Amino acid sequence: MEKRAEKKRIVLVPLPLQGHITPMMQLGQALNSKGFSITVFLGEFNRISSSKHFPGFQFITIPEILPVAEVEAIGPVEFLIKLNKTSEASFKDCVSQMLIQQGNDIACIIYDDLMYFCGAAANEFKVPSIIFCTTSATHKVCNYVLSKLNAEKFLIDMEDPDLQNKVVENLHPVSFKDLPIGGFEPLERFLVLCREIITKRSACGAIINTVSCLESSSLTLLQQELGISVYPLGPLHITTKETSSLLEEDRSCIEWLNKQKPRSVIYISMGSIFDIETKEVLEMANGLCDSNQPFLWVIRPGSKPLPEEVSKMVSEKGFIVKWAPQNEVLAHPAVGGFWSHCGWNSTLESIAEGVPMICRPFNGEQKLNAMYIESVWRIGILLQGEVERGGVERAVKRLIMDEEGASMRERALVLKEKFNASVSSGGSSYNALNELVNYLETEGKDVKNSGSNY
């Protein structure tokens, strides 16, 4: 049996939200398969069952980390700034205890780039660190652009239509009005956060859950901005099978899908955070029913309950679950389209199965993804403005029944093949993972040879 001392340990620190925990755990599985031991630091309110889904992983709770529920009280920007200020000391204590109890076997601390307090602990204990970006490379480049802006001047400039539509240098087709600021008000504080993420970074590398074939120019720009090694390893979910869902998945929807015709079903899931207003839900339900296409709709626990008339109408034409095994649903032959908020994980998962999309984004990052889905990769339809039943019906029919939708599906299937090639032997993501592993193994030897940091 292999001794712990012979295995290099990777410490993972995800942001305590589902959309960030999922790809971080997938990264952990990828590194574990390469011979590394994995320790995951999580807040008390975001525990994952290690015995059920991740046998062999060690889970450590960071005490006093802010509960995610505080996002609603103070907003995402202030939450992230406060989280980083209040977590640094307790994280250092946790790492210190771990080094005392288990020996100096940490090869690297890999942390979500929004958990930038981890960099200080890595520096103090002379442990290499790498940031992990769970959004697109394009989004990361946009944040660098934003970090250099003056909030007051930018808001004044955005009153000029010509400046709104001016393309950001080297980032075509992204214009200044497309920069991902929506949902992160006030702008001045968001720009402070963007600058803090950059100025407090001391990592020696960056892992991006993306694919070179999707974002080659943005990855080149990001490499130039960061000045450190960039490892585009995505899409990570293709090579890992276990779930890290914080919500229980309802598998009854798979039986329902088995009874539907090929490529006939619209799958609707708006992520793990955002709520839809009752009026929009009603318009969606009417439009979906008017389309006469079967649909599978995820109504997350804690969401506003469906009005009684909507529940009755939906039950006749569709199927509702509280949470679905999304990758399995998207891979099902009955699914013909995905109505999504366009979070980055959902975007990658849809493309990986060759499923075209109806895009209904909420915040700035999702709107950026939706723009690329519709205008760059041309594999989806963007719903803008107020949602009404006629627009919903037309979008569903365009995607499922029209030639336009068939063309989108063909392009999505081409990208699916490119995704599969990227994670196969010799592919771009396959090679990037091996480069990362080689770096971690080299750093692990250097750390071990240098002796204790105490």
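None of the values given here were measured: they were computed from a predicted structure. (Residues numbered from 1 in each chain as written. Predicted model: local features only at pLDDT ≥ 70, side-chain atom pairs only at ≥ 80, totals over all residues. Heavy atoms only, no water.)

Draft legend 1. Expanded view of the sheet that holds strand S10 (residues 318-321). If you walk across this open sheet you meet the 6 strands as S10-S9-S8-S11-S12-S13, and the pairing is parallel. What marks the edges here is a single partner per strand, and that holds for S10 and strand S13 (380-382). The average angle at which neighbouring strand axes cross in this sheet is 15°, direction not considered. Two elements, strand S12 (residues 357-359) and S13, share 3 bridges in a ladder whose sense is parallel. Looking at S13, one finds that Cys359 is bridged to Leu382. Most of the contacts of helix H12 (residues 278-291) go to strand S9 (residues 295-298), to which it runs at about 165°, and overall it touches strand S8 (265-269), S9 and strand S11 (335-340). (Pairing = 2+ DSSP bridges. Helix = DSSP H or I, 4+ residues; strand = E, 2+ residues; numbered from the N terminus. Axes fitted to C-alpha atoms, helices over the stretch in contact; angles between N-to-C directions. Contact = heavy atoms within 4.5 Å.)

Draft legend 2. Highlighting the pairing of S8. Among the 5 residues that make up S8, 5 are buried, leaving the element largely enclosed by the rest of the structure. Residue alternation in S8 divides its side chains into two sets, Val265, Tyr267 and Ser269 and Ile266 and Ile268, and both sets are buried. As defined by bridge partners, S8 adjoins S11 across 5 bridges and the pair is classed as parallel. Opposite Ile268, over in S11, you have Trp339 as the bridge partner. Pairing between S8 and S9: 3 bridges, direction parallel. Across the sheet, residue Tyr267 finds its bridge partner in S9, namely Leu296. (Buried < 20%, exposed > 50% of the residue type's maximum accessible area, 1.4 Å probe, protein only.)

Draft legend 3. Representation of unusual backbone geometry. The residue after Glu185, namely Pro186, is reached through a cis peptide bond having omega -5°. Assignment of secondary structure puts Pro186 in the loop between helix H8 (161-164) and helix H9 (187-199). Of note, the bond from Gly234 into Pro235 is cis; its omega dihedral lies within 30 degrees of zero at -10°. Its identity as a non-glycine residue notwithstanding, Lys126 has a phi of 55°, on the positive side. Mapped onto the elements of the fold, Lys126 is located in the loop between helix H5 (118-124) and strand S5 (129-133). For Lys126, a relative accessible area of 61% puts it in the exposed group. Unusually for a residue other than glycine, Asn170 sits at a positive phi of about 65°. Turning to its location among the elements, Asn170 is positioned in the loop between H8 and H9. Residue Asn170 is classed as exposed on the basis of its relative accessible area of 57%.

Draft legend 4. Spotlight on the pattern of salt bridges. Applying the stated criterion across every chain, the model contains 15 salt bridges. Across the pair Glu88 and Lys92 runs a salt bridge, and its minimum N-O distance is 3.3 Å. With Glu88 and Lys92 both in helix H4 (residues 76-102), this residue pair falls 4 residues apart, about one helical turn. Taking relative accessible area as the criterion, Glu88 reaches 28% and is therefore assigned partly exposed. Taking the relative accessible area as the measure of exposure, Lys92 reaches 19% and is therefore buried. Here Glu124 ties to Lys92 by a salt bridge, and the two come within 3.0 Å at their closest N and O atoms. Placement of the pair is Glu124 in helix H5 and Lys92 in helix H4, with a sequence separation of 32 residues. Under the relative-accessibility criterion, Glu124 is labelled partly exposed at 44%. Linked through salt bridges whose partners overlap, the residues forming this network are Glu88, Lys92 and Glu124. (Salt bridge = Lys/Arg side-chain N within 4 Å of Asp/Glu carboxyl O.)

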